[in-house]
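Observations on the model geometry
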Amino acid sequence: HALLILERESFDLILLDEVFKIGPFDGLDTYRKIRSLNPSIPVIMMTGYSDVEEHITQAIQEGAFKQVIKKPSTIAEITEVVGNCLMECNSKE
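Residues numbered from 1 in each chain as written. Predicted model: local features only at pLDDT ≥ 70, side-chain atom pairs only at ≥ 80, totals over all residues. Heavy atoms only, no water.

Section: the nonpolar core
- Among the nonpolar cores identified, the biggest contains 14 residues, and Ile14, Leu16, Tyr31, Ile34, Val43 and Met45 are the most heavily contacted of them.
- Put simply, the parts of the chain that give this core at least two residues each are helix H1 (2–8), strand E1 (14–17), helix H2 (27–37), strand E2 (43–47) and helix H3 (53–61).
- Broken down by element, the residue count for this core peaks at three residues, all from H2.
- What Tyr31 contacts, discounting residues up to four positions off in sequence, is Leu16, Val43, Met45, Ala59, Glu62, Gly63 and Ala64.
- One finds Leu13, Ile44, Ile69 and Val82 within the second-largest nonpolar core, a separate group that totals eight residues. (Core = buried A, V, L, I, M, F, W, Y, C linked by side-chain atoms within 4.5 Å. Buried < 20%, exposed > 50% of the residue type's maximum accessible area, 1.4 Å probe, protein only. Helix = DSSP H or I, 4+ residues; strand = E, 2+ residues; numbered from the N terminus. Contact = heavy atoms within 4.5 Å.)

Right, dumping it as C-alpha cells:
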C-alpha cells in the first residue's frame, strides 16, 4: 500500500524498517523499489536486529542515508538522525 502511495505522492523522507516484509520482499527489496520509483527521496533504514546488518550495509552502499536508526530508540535519537539526513540532503541541492 505504501509503495502505491509513493507512486502518486511526494515525500521529504522515508523511514524504512529493514525487517519490513511484503510477501517475499524484505526491507532491502523494498528499498530498491523505492529507489526505482523515486531515486531522489532520502531513505533512513531502521532495525532492531543485528542479523540484518548485511542488508543495511547494502542499502547504504546503494544510497540509503549513512546513519541507521537502531531500535529501540528514543524520539531524540530519531529526531537527530532525521535532522542530519534532511540537512545533508538539502545541502546537496
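That covers the picture; the talk isn't over yet.
Things to note about the sheet that holds strand E3 (residues 69–70)
- The strand order across the open sheet built from three strands is E1-E2-E3, with neighbouring strands paired in parallel fashion. In this open sheet, the two strands that pair with only one neighbour each are E1 and E3.
- One ladder, built from two bridges, connects E2 with E3; its direction is parallel. Each bridged residue has a counterpart across the sheet, and for Thr47 the counterpart in E3 is Lys70.
- Set on the sheet, H2 makes contact with E1 and E2; between it and E1 the angle comes to about 155°.
- Across the sheet, H3 lies against E2 and E3, angled at about 175° from E2, the strand it touches most. (Pairing = 2+ DSSP bridges. Axes fitted to C-alpha atoms, helices over the stretch in contact; angles between N-to-C directions.)

Geometry only, nothing functional implied.
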